[in-house]
Structure formats: C-alpha cells, structure tokens
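Understanding the architecture of this molecule
Okay, here's what each chain looks like letter by letter:
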Amino acid sequence: MNLYCHSSNGFRLLIFPKHFVLSEGETKITLKIDDQAPIVMEANAFADDDGGKAPDTDVVVPLNTDLVERAIGAAHHVTVHYAPPGVPAADAAFTFEDMASGQAEMLKVCPVGH
C-alpha cells in the first residue's frame, strides 16, 4: 500500500498486490483500519496479461479516499479485503508500527495533512 501526497486533493492511496486478487476493472474493496468499522470503497483494479496465464493484479486504486484519509494517516493496523463485506476474497494486512515484518505489497510513504 502506498500513500501519496497529491497536489489536487492532498491524498492518494495505491495498493500493489502483485498476485491475483481481483479481475481488472471497477470493483469494491473493504478497508478495516485499527478498531474502526469496515469502510467499503469504490476502486479500479489493473492487471497485466501474462501470456495466457492467470493475470496478476498490479495495482488497486481506491477512488473515494476521503472516506479513509484521516484514519489511515494515523493507522497502526490496516486490513484490505478485496471485495465488499461478506464476499469471499483475498485479504492483506499490515501493521505500520513494525515495517520490517509488513508484507511487501503495502508501504506507508507520506504523512497526511489534517
């Protein structure tokens, strides 16, 4: 996961699974941030075609990041569920307090303005 400072709205979130979690196109994902209730977000998934093999999901871009900007800027633990709640799907989790043990697909890279 990368958090970027962006000139138009100050915040952008990108998730880089680098293995198959979603088909390419519009989708919904669910973020669970610390002890807060799960947040369903609209997202776009992008994949590459590996010569007829199952495509990897290269990047998932949540669209309504205003729903999570403040919470994720101060987050300690985030779980990404690559579907709406209740739909079986892949999950990824990361604890920001211990970067060395986090999954390679998730990385907190910039502070969020308040």
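Here goes a summary of the coordinates provided. (Residues numbered from 1 in each chain as written. Predicted model: local features only at pLDDT ≥ 70, side-chain atom pairs only at ≥ 80, totals over all residues. Heavy atoms only, no water.)

**Section: the overall build of the protein chain**
A count of helices and strands for the protein chain gives one helix and seven strands. Going from the N terminus to the C terminus, the protein chain shows its helices and strands as β-β-β-β-β-α-β-β. Taken across its 114 residues, the protein chain has 38% of its residues classed as buried. Here the analysis covers contacts within the protein chain between residues at least 6 apart in sequence; of these, 49% occur between residues at least 24 apart. Roughly 6200 Å² of accessible area belongs to the protein chain as shown, and the carbon and sulfur atoms make up 55% of that amount. (Helix = DSSP H or I, 4+ residues; strand = E, 2+ residues; numbered from the N terminus. Buried < 20%, exposed > 50% of the residue type's maximum accessible area, 1.4 Å probe, protein only. Contact = heavy atoms within 4.5 Å. Areas by Shrake-Rupley, 256 points an atom, 1.4 Å probe, with all protein chains shown as cover.)

**With respect to the environment of E24**
Its place among the elements puts E24 in the loop between β2 (12-14) and β3 (25-33). E24 gets classed as exposed once you look at its relative accessible area, which sits at 53%. As for E24 and D48, which are separated by 24 residues in sequence, their C-alpha atoms are 8.6 Å apart. Excluding residues that lie within four positions of it along the chain, E24 makes contacts with A45, F46 and A47. At 2.8 Å, the side chain of E24 and the backbone nitrogen of A47 are in polar contact. (Polar contact = N/O pair within 3.5 Å; in protein donor to acceptor, adjacent residues only side chain to side chain.)

**A word on the nonpolar core**
In terms of nonpolar packing, the biggest core is built from 20 residues, with I29, L31, I33, V60 and Y82 touching the most fellow members. Elements supplying a minimum of two residues to this core: β3, β4 (39-47), α1 (69-73) and β6 (77-81). Ranked by the residues each element gives to this core, the list is headed by β4, at four residues. Apart from residues no more than four positions distant in its own chain, L31 is found in contact with L13, A37, P38, I39, M41, V68, I72, V78, T79 and V80. (Core = buried A, V, L, I, M, F, W, Y, C linked by side-chain atoms within 4.5 Å.)

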